[in-house]
Amino acid sequence: MSLDDLYREVILDHYKNPRNKRPGPEGALTSTLNNPLCGDEITVFARVEDGKVTEVTYQGQGCSISQASASMLTEAVGGTEVEEAGELARKFRGMMAGEVDPSEDEFGDLIALKGVVKYPIRIKCAVLAWDVLQEALRGEGSAAGGASH
Ligand code: FES
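Criteria and thresholds
- Residues numbered from 1 in each chain as written.
- Predicted model: local features only at pLDDT ≥ 70, side-chain atom pairs only at ≥ 80, totals over all residues.
- Heavy atoms only, no water.
- Helix = DSSP H or I, 4+ residues; strand = E, 2+ residues; numbered from the N terminus.
- Contact = heavy atoms within 4.5 Å.
- Areas by Shrake-Rupley, 256 points an atom, 1.4 Å probe, with all protein chains shown as cover.
- Lys, Arg positive; Asp, Glu negative; His and termini not counted.
- Charge placed at Lys NZ, Arg CZ, Asp CG, Glu CD.
- Buried < 20%, exposed > 50% of the residue type's maximum accessible area, 1.4 Å probe, protein only.
- Expected span 1.5 Å × (residues − 1).
- Pairing = 2+ DSSP bridges.
- Bend = angle between axes of the 7 residues up to and from the residue.

K.L.:
Go over the overall build of the chain with me, naming the residues and quoting the values.
P.N.:
Along the backbone of the chain there are 5 helices and 4 strands. Going residue by residue from the N terminus, the α and β elements of the chain occur as α-β-β-β-α-α-α-α-β. In terms of its C-alpha atoms, the chain occupies a principal-axis envelope of roughly 45 × 30 × 25 Å. Summarising the internal contacts of the chain: among those between residues at least 6 apart in sequence, 61% fall at separations of at least 24. Accessible surface, the chain: about 7,500 Å² in total, of which carbon and sulfur atoms supply 48%. Charge centroids of the chain, computed over 15 positive and 24 negative side chains, lie 4 Å from each other.

Have a look at this one:
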């Protein structure tokens, strides 16, 4: 199996078996954005306590790349410091711009999205969840009312 095939499988696995796809806990910071090119939408919920992102969840619908990226984001960012989350977002954008070549150790499953660089129209798909996360962490979204509605 080529590396491209392996990466494709990792993306499809996150798309078909999304991690942390559920409404966020009450009080979580949240934001929603859509990709203007297609209308696909992602909402990210981030619970922040003492400068740490203790839990990240998402909801949304869209293409496999956007949804897999959101699923991977929740795993990569959950449990990090807010500053680390920002740094990871910066590096992810760098990877999508073809400027950063992160190691698998550092990036985990996110590395599977590296090949998206070859398809400029899909880069927005991969970055969408990260835009939403950063907006939520900046407090530009709103606070979640909880999972009960
Ligand atoms: Fe809509 Fe990818 S085609 S986010």
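K.L.:
Any chance you could break down unusual backbone geometry for me, citing the residues and the numbers?
P.N.:
A positive phi angle is found at Asn20, which is not glycine, with a value near 55°. Structurally, the position occupied by Asn20 is in the loop between α1 (3–16) and β1 (29–34). Since its relative accessible area comes to 25%, Asn20 is described here as partly exposed. At Asp50, a position not held by glycine, the phi torsion is positive, near 50°. Looking at where Asp50 falls in the secondary structure, it is placed in the loop between β2 (41–49) and β3 (52–61).

K.L.:
Can you lay out α1 for me, pointing to particular residues and giving the numbers?
P.N.:
The end-to-end C-alpha distance of α1, which contains 14 residues, comes to 20 Å, matching closely the 20 Å that a straight helix rising 1.5 Å per residue would cover. Close packing links the buried residues of α1 with α2 (64–77).

K.L.:
I'd like to hear about the pairing of β3, residue by residue, with values.
P.N.:
Moving residue by residue along a regular strand, the side chains alternate between the two faces of the sheet. When β2 meets β3, the two strands line up antiparallel, connected through 9 bridges. The partner of Phe45 across the bridge, within β3, is Thr57. Hairpin geometry of β2 and β3 is characterised by an intervening segment of 2 residues between the two adjacent antiparallel strands and by a positive phi of about 50° at Asp50.

K.L.:
Residue-level account of helix α5 (residues 120–137), with values.
P.N.:
It helps to recall that an α-helix has 3.6 residues per turn; residues three or four apart then point in one direction. The end-to-end C-alpha separation of α5 is 26 Å, in line with the 26 Å expected for 18 residues at 1.5 Å each. If you look at α5, its biggest bend is around 40°, right at Val127. Of all the residues in α5, the buried ones are Cys125, Ala126, Val127, Leu128, Ala129, Trp130, Asp131, Val132, Leu133, Gln134, Glu135 and Ala136. The elements touched by buried residues of α5 are β1, β2, α2 and α3 (82–96). Following α5 by one or two positions, Gly139 has its phi on the positive side, about 80°.

In short, the description is geometric, and any link to function would need to be established separately.
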